[in-house]
Amino acid sequence: MALHKTLYIGPFIHCKTLDDLDICPNGLIGVDEDGKISHVSRDAKEGLLPAQGGWEHAKIVRTEQHGFFFPGFIDTHIHASQYPNAGVFGNSTLLDWLNTYTFPLESSFKDLERASRIYNRVVARTLSHGTTTAAYYATVHVPATNLLADICQSRGQRAFVGRVCMDRLSPDYYQDESTESAVRDTQACIDHIKHIDPEFNLITPIITPRFAPSCTDETLAALGKLHHATGLPCQTHISENLQEISLVKSLFPTSDSYAHVYDTAGLLTPKTILAHAVHLTPAERHLIKTRDAKISHCPASNTAITSGRARVRTMLDEGLTVGLGTDVSGGYTSSMLTEIREAIFVSRHVAMHEGDEAKLSVEEALYLATRGGAKVVGLEGRIGGFEVGMEWDAQMVRLGAVGGAEERLDERAGLVEVFGEETWEEKVAKWVYTGDDRNTVAVWVKGRLVHSREGFKG
Ligand SMILES: Nc1nc2[nH]cnc2c(=O)[nH]1
Ligand SMILES: [Zn+2]
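Everything quoted here is computed from the prediction, not taken from an experiment.

Colleague: It is not clear to me how the overall build of the chain should be interpreted in this structure. Could you clarify?
Modeller: Looking only at helices and strands, the chain features 13 helices and 18 strands. A compact globule built from 458 residues should have a C-alpha radius of gyration of about 23 Å, and the chain, at 22 Å, falls within 12% of that. Viewed in the frame of its principal axes, the chain has a C-alpha envelope of about 65 × 50 × 40 Å. Within the span of the chain, comprising 458 residues, buried residues form 62% of the whole. Pairs at least 24 residues apart make up 72% of the contacts formed inside the chain by residues separated by at least 6 positions. Here the chain displays about 17,700 Å² of accessible surface, and carbon together with sulfur accounts for 51% of that area.

As structure tokens, then:
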């Protein structure tokens, strides 16, 4: 797609490190036709680009009052196929939730027309929340999984798309027939993505054993082999729920631990994304660190289906790489902004048991949703921040006009109340705690506008 050179003028904010939120109130970012950042200035006037090299014709996009540019969110764990069940989980816990709510829904994706409606909706919705990259689980169905890849590509969302493998302890109506068929069908999805995006510029296949209980030893080993042979990333679940962990112990009696099951299969590598990690032992954390596998923290899900409180501070202190995942529909929300809030609140519950140092700050949670997520999906250096050479995966946030109680509510700006006396740090905190998709005015992936709200002047 032909893009313009574009100058994004206005405040920009991004995370430099876990606790260093860089706020530039008067910024200018130049983005080339290929969607890459070619210029970053901290003073819009002085930094104006020379009127040559094509920049004299550059398109200009300005933030609105109390607005700012922020990196797009990276959802490191989301089940696209479970989107119709977001908010529907009753009082279930993981294993009964899978049987009651999840497997019946996922099995319906043999109907491609239904898959198309749902996948189009979830990609449009996550883009509207500022999610520029998502690591998706689809279902076992090859045509529907390939369709999800097509939809991400045509709507412009950066995505990892995984066909789910599961060949035991699943309902007869919804499982792989054999190890061979699981590998063959996974390969078919890899081939499809190679066909539509040969260099995986936007869409990357991801090898997806559902979790240890639903895969035989043979299937785990075969997928481990495929992971090594192709160099493609892989994703799965780990230590989410205590009953699940007991089940893994009984199914893999010779393994030292849940993490060890994946390690034995060759599935614990720097390109592995492990979702949940709520109940890991110190020895498992050490093994995961040694292998440099990555963690997707899913706090909304862990609360909703009462799995537990993940010790994020401990994992960070021990040097594990952590990002955030909505885990729709164990998680009720497809909004990463809501997930950030949930991460902060779950950390406060951990703190009530283990001490104040467990608390995550606003800055830290934003880091996990951007830079942290980029590391989890192996795209650090390309996305998650605003530096020359990185790709313009970004959102434009608008917090609304200054207004007191006597003035009319600014409905377009949602719930964030700005009175004009706030520091930038306070405005960011207000966005995190009271904002929603109404504040996400426009979203770009690789420089392409992939979502905008009414009133956006771009
Ligand atoms: N949260 C969650 N955990 C799982 N473990 C195995 N499958 C799933 C799933 O679909 N969601
Ligand atoms: Zn999940």
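Colleague: What's the story with the pattern of salt bridges in this structure? I'm lost.
Modeller: Side chains that differ in sign of charge can pair as their charged atoms come close. The full count for this structure, using the stated rule, is 24 salt bridges. For Arg163, the salt bridge is made with Asp185, and the minimal N-O distance between the two is 3.6 Å. Separated by 22 residues along the polypeptide, Arg163 in the loop between strand 8 (158-162) and strand 9 (164-165) and Asp185 in helix 4 (residues 179-196) bring together distant segments of the chain. A salt bridge links Lys446 to Glu391; its shortest N-O distance comes to 3.6 Å.

Colleague: Help me understand the site of ligand 1, please; the structure alone is not making it clear to me.
Modeller: Around ligand 1 sit His79, Gln82, Leu94, Trp97, Leu98, Arg210, Phe211, His237, Glu240, His276 and Asp327, and those are all the residues in its vicinity. Interatomic distance of 2.9 Å between a side-chain N/O atom of Gln82 and an oxygen atom of ligand 1. Between ligand 1 and His237, the relevant distance is 3.4 Å, taken from a nitrogen atom to a side-chain nitrogen or oxygen of the residue. Burial of ligand 1 by the protein chains amounts to 100% of its free accessible area of 280 Å². The element that contributes the greatest number of residues to the shell around ligand 1 is helix 1 (residues 94-107), accounting for three residues.

Colleague: What should I look at first to understand the packing of aromatic side chains in this one?
Modeller: Both the distance between ring centres and the angle between the ring planes are used here to describe each pair of aromatic rings. In this structure the tally under the stated criterion is 19 aromatic pairs. Aromatic pair Phe73 and Trp431: ring centres 6.0 Å apart, planes at 15 degrees, arrangement stacked. Here the residue Phe73 occupies a position in strand 6 (residues 73-79), and Trp431 occupies one in helix 13 (residues 424-434), the gap between them amounting to 358 residues. We note that Phe73, like Trp431, is buried. Feature note: the residues Tyr8, Phe12, Phe69, Phe386, Trp392, Trp444 and Phe456 constitute an aromatic cluster, connected by ring pairs. One Lys or Arg, Lys427, reaches over the ring of Trp424 and ends 4.0 Å from the middle of that ring.

Colleague: Which parts of the structure should I look at to understand the coordination of the zinc ion (ligand 2)?
Modeller: Tetrahedral coordination by four donors puts the ideal angle at the metal at 109.5 degrees, and octahedral coordination by six puts it at 90 or 180 degrees. For the zinc ion (ligand 2), every protein donor is listed as His77 (NE2), His79 (NE2), His237 (NE2) and Asp327 (OD), and the spread of their distances is 2.0 to 2.2 Å. With four donor atoms in place around the zinc ion (ligand 2) and angles of 89 to 165 degrees between them, the coordination shape is irregular. Here the donor residues of the zinc ion (ligand 2) share one chain and are spaced in sequence as H-x1-H-x157-H-x89-D. In this pair, His79 is assigned in strand 6 and Asp327 in the loop between strand 15 (321-324) and helix 11 (336-354), connecting sequence segments 248 residues apart.

Colleague: Explain the nonpolar core here, please?
Modeller: If you look at soluble globular proteins, the nonpolar side chains tend to sit buried side by side. By size, the foremost hydrophobic cluster in this structure holds 107 residues, and its most contacted members are Tyr119, Tyr262, Ile288, Ile340, Leu366 and Trp431. Two domains each provide a minimum of three residues to this core, namely domain 1 (6-71 + 393-452) and domain 2 (73-377). Within the second largest apolar cluster, 17 residues are counted, among which are Tyr8, Val61, Phe69 and Met396.

Colleague: Just checking my understanding: could you explain the pairing of strand 1 (residues 6-17) for this structure?
Modeller: Here is the key point about a regular strand: its side chains alternate between the two faces of the sheet. With ten of twelve residues buried, strand 1 lies mostly within the body of the structure. Bridge count between strand 1 and strand 4 (residues 59-62): four bridges; the pairing is parallel. Its bridge partner being in strand 4, Tyr8 is matched across the sheet by Val61. With antiparallel pairing between neighbouring strands as the criterion, strand 1 and strand 2 (residues 20-31) make up a hairpin whose turn holds two residues.

Parameters and conventions
- Residues numbered from 1 in each chain as written.
- Chains lettered and ligands numbered in written order.
- Predicted model: local features only at pLDDT ≥ 70, side-chain atom pairs only at ≥ 80, totals over all residues.
- Heavy atoms only, no water.
- Helix = DSSP H or I, 4+ residues; strand = E, 2+ residues; numbered from the N terminus.
- Rg over C-alpha atoms; globule rule 2.2 N^0.38 Å.
- Buried < 20%, exposed > 50% of the residue type's maximum accessible area, 1.4 Å probe, protein only.
- Contact = heavy atoms within 4.5 Å.
- Areas by Shrake-Rupley, 256 points an atom, 1.4 Å probe, with all protein chains shown as cover.
- Salt bridge = Lys/Arg side-chain N within 4 Å of Asp/Glu carboxyl O.
- Near = heavy atom within 4 Å.
- Polar contact = N/O pair within 3.5 Å; in protein donor to acceptor, adjacent residues only side chain to side chain.
- Phe/Tyr/Trp six-rings, centres within 6.5 Å; stacked < 30°, edge-to-face > 60°.
- Lys NZ or Arg CZ within 6 Å of the ring centre and 35° of its normal.
- Donors = N, O, S within 2.8 Å, 3.2 Å for Na, K, Ca; no water.
- Tetrahedral: all angles 85-135°; square planar, octahedral: opposite > 155°, others 65-115°.
- Core = buried A, V, L, I, M, F, W, Y, C linked by side-chain atoms within 4.5 Å.
- Domains from an automatic or database assignment.
- Pairing = 2+ DSSP bridges.

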